[in-house]
Amino acid sequence: MKRLIVWAMSLVALGMNAQEVKPERIPWIVERAESAEWYENQIKAWEKVVANEPANENAWYNLSRATRYATMDTPEGYEKRKLLNERMRKAIPNTYTYHFCAYDTMNDSVSQAHIERAYQLMPANRTFGEEYGTFIAYFWQKGRDKELKEMGKKYYEEQQIPTALLRYNYNELQCLPPNALYIGLGDAILLPKIALQQGLGVHQDKVVICASFLYLTEYYQYVCRELGIEPETFSMADYQTADTWENYLPDRIEYIMKKSGRPTYFSPSSLSEDSGLSRLKKNLYNEGLVLRYSDIPYDNYVRVRENVERNIRLDYLIEPQFVAEKEWQSANALTYNYFVLLAPLIGKYREWHDVERSEWLANLLTKALEQAKMSDAMKNNCQKYLNINIGE
């Protein structure tokens with residue numbers, strides 16, 4: 001009987017061990033977002049590792065990322081991340097990992113000394129992947145061109161950005177005329193463009209602007225300096241209410257557009273209601289994968305046609321994925337823009353009596369939709385929209 005009890009208890013213990021969560025690499029949220037429960041379980045798993053191996057930088061790094069994502073929308077998150085950074089300071093002081101995480105988890109003016117130190121301590125024997133994005137954003141905000149270009153070039157050369165994402169961003173740049181301004185929001189449509197410009201050396205005449213950074217005086221002045229214009233003199237007293245604050249970003253952008261005299265384009269993925277760009281929507285015209293700002297209405301489908309036939313590379317949308325590679329979950333939705341922005345051209349071709357081109361584009365987008373990595377809901381919406389433009 002005693003043996004049976006011991007045997008049964010052993011089975012229970014084995015069952016508990018089988019259910020124990022193993023520590024996993026914490027992906028950047030642009031690559032893959034997980035549930036709050038998953039991050040909490042990973043915090044527990046990585047806490048066990050650092051308890052046994054207090055000098056393990058990889059363990060601290062993953063614990064830091066899991067803690068950041070688990071707490072970024074919680075009231076107590078700031079204090080939890082602050083306490084974790086203090087533990088890291090004691091366990092792995094003056095290391096790249098400590099300083100990078102101390103900045104990345106807090107990302108405030110107080111922690112800027114940490115990103116500067118992390119930059120100095122970047123080890124030569126490892127890859128950095130999406131960490132380059134953090135450095136790019138920091139140096140971009142500061143208007144530090146030398147470091148920005150260095151990080152963009154290294155990011156491209158490391159070959160960590162998904163190929164499909166580079167191709168999409170390249171196609172957006174291909175839609176722009178010489179010396180154009182491109183304004184957008186979000187890692188997926190900004191970081192790859194910086195990497196392409198600095199790493200591949202293409203479209204360097206285009207000025208890529210992060211809309212949200214224009215709220216920062218230092219960045220706003222940097223953009224004006226790059227464009228050779230004087231920064232506008234304005235008073236923050238004019239933007240003290242909710243209604244007037246909505247005008248802050250459009251006011252800055254309209255000034256930059258007017259004074260620079262450059263053709264200005266917007267990312268179609270950066271125009272949500274909370275983007276601060278709503279006031280500008282009525283003057284935006286589709287030219288392929290980008291939206292041009294114009295005070296005067298014009299036949300924009302002439303430019304859509306030109307971009308589709310001469311500038312945009314579409315073959316990759318229907319090619320098999322020859323090599324398996326890491327993807328950004330947040331970037332898959334960008335494929336949606338091909339269908340929403342290019343499908344109307346199918347009907348336009350028919351109006352122009354170019355049946356062959358109409359059928360070509362309809363077939364290409366239909367095949368592309370079959371291979372697209374989007375949610376079923378998005379695919380259904382695209383299919384309905386395609387059917388309308390095909391005439392089915």
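Definitions and cut-offs
- Residues numbered from 1 in each chain as written.
- Predicted model: local features only at pLDDT ≥ 70, side-chain atom pairs only at ≥ 80, totals over all residues.
- Heavy atoms only, no water.
- Salt bridge = Lys/Arg side-chain N within 4 Å of Asp/Glu carboxyl O.
- Helix = DSSP H or I, 4+ residues; strand = E, 2+ residues; numbered from the N terminus.
- Buried < 20%, exposed > 50% of the residue type's maximum accessible area, 1.4 Å probe, protein only.
- Polar contact = N/O pair within 3.5 Å; in protein donor to acceptor, adjacent residues only side chain to side chain.
- Contact = heavy atoms within 4.5 Å.
- Arc of directions from axis to C-beta.
- Pairing = 2+ DSSP bridges.
- Axes fitted to C-alpha atoms, helices over the stretch in contact; angles between N-to-C directions.
- Right-handed = clockwise from strand over helix to strand, strands pointing away.
- Phe/Tyr/Trp six-rings, centres within 6.5 Å; stacked < 30°, edge-to-face > 60°.
- Patch = residues over 30% accessible without salt bridge, like charges linked within 9 Å, V, L, I, M, F, W, Y side chains within 5 Å.
- Areas by Shrake-Rupley, 256 points an atom, 1.4 Å probe, with all protein chains shown as cover.
- Left-handed = near helix turned anticlockwise from the far one by under 90°.

## Observations regarding the pattern of salt bridges
This model, assessed by the stated rule, comprises 27 salt bridges. Taking the shortest distance from any N to any O, the salt bridge between Arg144 and Glu116 comes out at 2.4 Å. Taken together, the residues Arg144 in the loop between helix H7 (131-142) and helix H8 (145-157) and Glu116 in helix H6 (residues 112-120) connect sequence positions 28 residues apart. Among the residues examined, Arg144 registers a relative accessible area of 24% and is labelled partly exposed. Among the ionic pairs, Glu309 bridges to Arg357, the shortest N-O distance being 3.9 Å. Of this pair, Glu309 sits in helix H14 (residues 301-311) while Arg357 sits in helix H17 (residues 355-371), placing them 48 residues apart in sequence. Residue classification places Glu309 among the partly exposed positions, given a relative accessible area of 32%. For Arg357, a relative accessible area of 29% gives the class partly exposed. One connected set of salt bridges, linked through shared partners, spans Arg305, Glu309, Asp354 and Arg357.

## Digging into the side chain of Glu131
If you trace the backbone, Glu131 turns up in helix H7. Taking relative accessible area as the criterion, Glu131 reaches 4% and is therefore assigned buried. Only 3.0 Å separates the side chain of Glu131 from the side chain of Tyr61, close enough to count as a polar contact. Apart from the residues lying within four places of it in its own chain, the contact partners of Glu131 are Trp28, Tyr61, Tyr96, Phe100 and Arg126.

## Quick word on H14
Restricting attention to buried positions, one finds in H14 the residues Tyr301, Arg303, Val304, Asn307, Val308 and Asn311. The buried residues of H14 occupy an angular sector of 155 degrees when projected down its axis, which confines them to one face.

## Overview of the sheet that holds strand E5 (residues 291-293)
Spatial ordering of the open sheet is given by E2-E1-E3-E5-E4, a layout of five strands whose pairing is mixed. Lying at the two open borders of the sheet, with one neighbouring strand each, are strand E2 (207-210) and strand E4 (284-286). Strand after strand, the sheet turns through a mean of 30 degrees between neighbouring axes, direction not considered. Against the sheet, helix H11 (residues 217-227) contacts strand E1 (181-184) and E2, and its axis sits at roughly 165 degrees relative to E2.

## Looking at the pairing of E1
Of the two faces of E1, both are covered, the one formed by Leu181 and Ile183 as well as the one formed by Tyr182 and Gly184. Strand direction decides the pairing type here: E1 and E2, joined by four bridges, are parallel. If you follow Leu181 over to E2, its bridge partner there is Val207. Note that the unit made of E1, helix H10 (residues 187-200) and E2 has a crossover that is right-handed. For E1 and strand E3 (residues 264-266), the ladder comprises three bridges, and the chain directions are parallel. Paired with Tyr182 across the bridge in E3 is Tyr265.

## Focus on the packing of aromatic side chains
Under the defined criterion, the tally for this structure stands at 28 aromatic pairs. On the basis of an interplanar angle of 20 degrees and a centroid distance of 5.7 Å, the ring pair of Tyr96 and Phe100 is categorised as stacked. Linking Tyr96 with Phe100, this pair stays in helix H5 (residues 96-106), spanning four residues, or about one helical turn. Exposure remark for Phe100: the relative accessible area of 0% places this residue in the buried category. Here the aromatic rings of Trp245 and Tyr248 are separated by 5.0 Å at their centres, their planes lie at 20 degrees, and the arrangement is stacked. Within the aromatic cluster, the residues linked to one another by ring pairs are Trp28, Tyr96, Phe100, Tyr103, Tyr119, Phe128, Tyr132, Phe135, Tyr138, Phe139 and Tyr155.

## Section: a nonpolar patch on the surface
Taken together, Val340, Tyr385 and Ile388 make up a surface patch of nonpolar side chains, about 260 Å² in accessible area. For Ile388, the location among the structural elements is in helix H18 (residues 376-390).

## So, the packing of H5 against H6
In contact at an axis separation of 8 Å, H5 and H6 are set at 145 degrees when each is read in the N-to-C sense. H6 is crossed by H5, and the crossing has left-handed handedness. Within the contact between the two elements, H5 uses Tyr96, Tyr98, His99, Phe100, Ala102 and Tyr103 and H6 uses Gln112, His114, Ile115, Arg117 and Ala118.

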